[in-house]
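Listed here are the chains, written in short residue letters.
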Amino acid sequence: SLKERGLLDTEIARIEKALPGVFELRSAVHVGALEKDGLQRLGLQHPQIEAAAKKPGFDLLRALGFSDAQVLAASDHVCGRLTIEGAPGLAEEHEPVFDCANRCGRIGKRFIHHTGHIRMLAAAQPFISGAISKTINMPNEVSREDIGDSYLLSWKLGLKANALYRDGCKRSQPLSTGVKNDAETKAEAAAAEGAAKAAEAAGPAPAAASAPAEFKPRRRPLPSKRKGFTQEAKVGGHKVYLRTGEYPDGKLGEIFIDMHKEGAAFRSLVNCFAIAVSKGLQYGVPLEEFVETFAFTKFEPQGVVEGHANVKMAQSIIDYVFRALALDYLGRTDLVQVPPKPGDIEVGPVSRATAPAPKSVEAAASKVAEAAVPKAPEVAAPKAVEQPLSSASASASASGAAPTPSRSAKRGSVSADAPGVRFTPLASGAPSPRSSGTSATAGDGAGRTTRGGALGELLSTMMGDAPFCDVCGHVTVRNGACYRCLNCGNSMGCS
């Protein structure tokens, strides 16, 4: 039993509590059900086993020494077979009454044929004015001819719609009734056996000489005079000022969120939140963690964003702030509605990684001075063809009158030769004053890319602007043609 293998009563109680919501025993007996020192207490502290335990699909029961036959027998006894086929006292001719749209469980063979779905719809279609939203489930092994015959049968029976779905045709689907097959089970068993042999060959892990030293974070203070930017915007009609403070290397060190015409309590909470985020940044918490935690946070005020070139919709003030920071300091364009163009210098300090370092003020001033010194015109032979002048300009210059201003001058443009006007040209590729400084090194970005593992990368691609769960309020993820909540398991409406 599990208790004989070393599991505590609290761990067994946690497993028993999870049993009503699982289809097989392996889903309840996992590493998450153990205490913090569970692997070490059970003798599974080898580095290879610990690394495998952090990955999805790790089989704790096999690691504890249970065979596949024992696990399947226990799973059938505790969780059931997920099918009524073969039940004692049930006649074979009565089994069609209990048929479902798909095969049930690991040993289930029966299911409703796809033509049965079509004929059920045809029976109800004459009494309904419109089409019927009903999925016609088909097994994975159907052929193209079967699909063509299904559409032809639907036409013959007078259906107005035919929503076919072949099992397993999408990368993710709302319903999966099968468990791991024998090939997958054998492959995992071979991997676990190899890890166990490696653990035996390496011997027991050496005991720690002493208790690990307590980690004490150190604060990295900002300089007294620091750079940053101020972004003014409106979220749902409420004006928000986002101000940032940067380290000399361009990394974000602090934020300020100012909201005017708001209640004192709300403004105080927002200010305290900005201070807490600033403290975290200065003590080494990566900005990515704040973005992943607070992006898509939903509360009022929310709606259309005015004043920001890239963020056009936000679900709250906090959502807008971290969308803007993710764009300006992480270069993330997946959180904005209007991605910046490749040559846009408004991306913030991220664009400084590839931009040349800003030149000193003296060097820039000397170049401007050199450009301002007029050079003596060179005498050249008159060309045969000159650019024609307008008759008005020619007559005005012949009579000595002042030339008529051009259309652009009438609209308010100022000539570069006008007295008292000075222009400071920017060299191509040079950063704007707002984006001066340097960015984080490429190595830091590469390290951040691999953070979170395969599950984090998958969720980041599936989440996007997914709606919130209408049961628990958690952010949902793509699941087939709709969305599913990973927190409570609620589906957002698949047919």
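1. Focus: the overall build of the protein chain
Of the regular secondary structure elements, the protein chain holds 16 helices and nine strands. Long-range pairs, those at least 24 residues apart, make up 53% of the contacts in the protein chain with a sequence separation of at least 6. Taken as a whole, the protein chain presents about 31900 Å² of accessible surface, with 58% of it coming from carbon and sulfur.

2. As for the pattern of salt bridges
As a working rule, side chains carrying opposite charge can pair if their charged atoms are close by. In total, this model carries eleven salt bridges according to the counting rule given. Of the charged contacts in the structure, one is a salt bridge between R220 and D249, with a shortest N-O distance of 3.4 Å. Here R220, found in the loop between α8 (182–202) and β3 (230–235), pairs with D249, found in the loop between β4 (238–246) and β5 (252–259); they are 29 residues apart in sequence, far enough to count as distant. On the basis of relative accessibility, which here comes to 37%, the residue R220 falls in the partly exposed class. D249 gets classed as partly exposed once you look at its relative accessible area, which sits at 22%. For D258, the salt bridge identified is with R243, shortest N-O distance 2.2 Å. With D258 in strand β5 and R243 in strand β4, this pair connects stretches of sequence that are 15 residues apart. For D258, a relative accessible area of 28% gives the class partly exposed.

3. Some words on the sheet that holds β3
Strand order in the open sheet formed by five strands is β5-β4-β3-β6-β7, and the pairing between neighbours is antiparallel. The sheet is open, and its two borders are formed by β5 and β7 (313–314), each paired with just one other strand. Looking at chain direction, β4 and β5 are connected through seven bridges and run antiparallel. Bridged to E246 within β5 is L252. Across the sheet, helix α11 (residues 317–330) is in contact with β3, β4, β5, β6 (303–306) and β7; its angle to β4 comes to roughly 40°.

4. Regarding unusual backbone geometry
Omega for the bond connecting E300 with P301 falls within 30 degrees of zero, at -5°, which places this linkage in the cis form. With respect to the helices and strands, P301 occurs in the loop between α10 (287–294) and β6. Even without being glycine, L82 reaches a positive phi, approximately 65°. Relative to the assigned elements, L82 resides in the loop between α5 (68–79) and α6 (114–124). The class for L82 is partly exposed, based on a relative accessible area of 32%.

5. What about the pairing of β5?
In terms of burial, β5 is a largely internal element, six of the eight residues being buried. In sequence, β4 turns back onto β5 through a hairpin of five residues, with G250 there showing a positive phi of about 95°.

6. Focus: α10
Among the residues of α10, L287, E288, F290 and V291 are the ones counted as buried. Seen along its axis, α10 keeps its buried residues to an arc of 160°; they face one direction. Positive phi appears at F296, one or two residues downstream of α10, with a value of about 70°.

7. Re a nonpolar patch on the surface
A surface patch of nonpolar side chains, amounting to about 280 Å² of accessible area, comprises I84, V97 and F98. Examined against the element boundaries, V97 turns out to sit in the loop between α5 and α6.

8. Thoughts on α6
Those residues of α6 that fall on the buried side of the exposure criterion are H114, H117, I118, L121 and A122. Angular distribution of buried residues about the axis of α6 spans 135°; they occupy a single face of the element. Residues of α6 that are exposed and point more than 90 degrees away from the buried face comprise R119 and A123.

9. Here we look at the packing of α6 against helix α7 (residues 144–156)
Where α6 contacts α7, the axes come no closer than 10 Å and their chain directions differ by 15°. In this view, α6 runs roughly parallel relative to α7, as classed from their interaxial angle. Where α6 crosses over α7, the two elements pack in a sense that is right-handed. For the pair formed by α6 and α7, the contact residues are H114, T115, I118 and R119 on the first element and D146, S150, L153 and S154 on the second. Taken together, the residues of the contact of α6 with α7 break down into two nonpolar, four polar and two charged.

10. Structural notes on the packing of α10 against α11
To characterise two packed helices, one gives the angle between the axes of the helices and the distance between these axes. Axis separation between α10 and α11 bottoms out at 9 Å; the angle between their running directions is 145°. The crossing of α10 and α11 is left-handed. Contacts between α10 and α11 involve L287, E288, F290, V291 and F294 from the first element and I318, D319, F322, L325, A326, Y329 and L330 from the second. Its residues assigned to classes, the contact of α10 with α11 comprises ten nonpolar, no polar and two charged.

What counts and how
- Residues numbered from 1 in each chain as written.
- Predicted model: local features only at pLDDT ≥ 70, side-chain atom pairs only at ≥ 80, totals over all residues.
- Heavy atoms only, no water.
- Helix = DSSP H or I, 4+ residues; strand = E, 2+ residues; numbered from the N terminus.
- Contact = heavy atoms within 4.5 Å.
- Areas by Shrake-Rupley, 256 points an atom, 1.4 Å probe, with all protein chains shown as cover.
- Salt bridge = Lys/Arg side-chain N within 4 Å of Asp/Glu carboxyl O.
- Buried < 20%, exposed > 50% of the residue type's maximum accessible area, 1.4 Å probe, protein only.
- Pairing = 2+ DSSP bridges.
- Axes fitted to C-alpha atoms, helices over the stretch in contact; angles between N-to-C directions.
- Arc of directions from axis to C-beta.
- Patch = residues over 30% accessible without salt bridge, like charges linked within 9 Å, V, L, I, M, F, W, Y side chains within 5 Å.
- Parallel < 35°, antiparallel > 145°, perpendicular 65-115°, else oblique.
- Left-handed = near helix turned anticlockwise from the far one by under 90°.
- Nonpolar A, V, L, I, M, F, W, Y, C, P; charged D, E, K, R; others polar.

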